[in-house]
Amino acid sequence: MSVMELALNEVACSGCVGKIKRRVQKYNGVEKVKILSGSGKIQINFNENIIQSEEINRNLYKLALRTFD
């Protein structure tokens, strides 16, 4: 299992962060998603045999953009 941390600086409200967390948890290969409160980051535990970090990063960026549409 691999772990990555990504900044969610553009996401201001906790409701938006929660929405992103719930959607990321549904990705095949993602084991656990944790919001690091106070740091503006999200921590994702995932299986690299199923999903790559680049794909998570790309999808997370798209989710953040859609949250503000």
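As the structure is a prediction and not an experimental result, all values here were calculated from the model.

Caption draft 1: Quick look at the overall build of the protein chain. On a plain count of helices and strands, the protein chain comes out with two helices and three strands. Secondary structure elements of the protein chain occur, N-terminal to C-terminal, as β-α-β-β-α. For the protein chain, contacts bridging at least 24 residues in sequence account for 56% of all contacts bridging at least 6.

Caption draft 2: Geometry of the environment of Ser-14. Secondary-structure assignment places Ser-14 in helix α1 (residues 14-25). Of the residues examined, Ser-14 reaches a relative accessible area of 66% and is grouped as exposed. Between the C-alpha atom of Ser-14 and that of Ser-37, which follows or precedes it by 23 residues, the distance is 9.6 Å.

Caption draft 3: Structural context of the nonpolar core. Among the nonpolar cores identified, the biggest contains 17 residues, and Val-24, Val-30, Ile-42, Ile-44, Phe-46, Ile-56 and Leu-60 are the most heavily contacted of them. The element that contributes the greatest number of residues to this core is helix α2 (residues 53-67), accounting for four residues. Apart from the residues lying within four places of it in its own chain, the contact partners of Ile-44 are Ser-2, Val-3, Met-4, Leu-6, Val-24, Val-30, Lys-32, Val-33 and Ile-56.

Caption draft 4: Representation of the pairing of strand β2 (residues 30-36) within the structure. When β2 meets strand β3 (residues 41-46), the two strands line up antiparallel, connected through six bridges. Residue Val-33 lies in a different strand from β3, and its bridge partner there is Ile-44. Between β2 and β3, which pair antiparallel in sequence order, lie four residues; one of them, Gly-38, sits at a positive phi of approximately 85°.

Caption draft 5: Layout of the side chain of Asn-45. Counting through the fold element by element, Asn-45 comes out in strand β3. Take Asn-45: its relative accessible area is 13%, and that puts it in the buried class. Those residues in contact with Asn-45, other than ones at most four positions away along the chain, are Met-1, Ser-2, Val-3, Gly-29, Val-30, Glu-31 and Lys-32.

Caption draft 6: Representation of α1 within the structure. Between its first and last C-alpha, α1 extends 16 Å over twelve residues, near the 16 Å set by a 1.5 Å rise per residue. Listed as buried for α1 are Cys-16, Val-17, Gly-18, Ile-20 and Val-24.

Calculation criteria
- Residues numbered from 1 in each chain as written.
- Predicted model: local features only at pLDDT ≥ 70, side-chain atom pairs only at ≥ 80, totals over all residues.
- Heavy atoms only, no water.
- Helix = DSSP H or I, 4+ residues; strand = E, 2+ residues; numbered from the N terminus.
- Contact = heavy atoms within 4.5 Å.
- Buried < 20%, exposed > 50% of the residue type's maximum accessible area, 1.4 Å probe, protein only.
- Core = buried A, V, L, I, M, F, W, Y, C linked by side-chain atoms within 4.5 Å.
- Pairing = 2+ DSSP bridges.
- Expected span 1.5 Å × (residues − 1).

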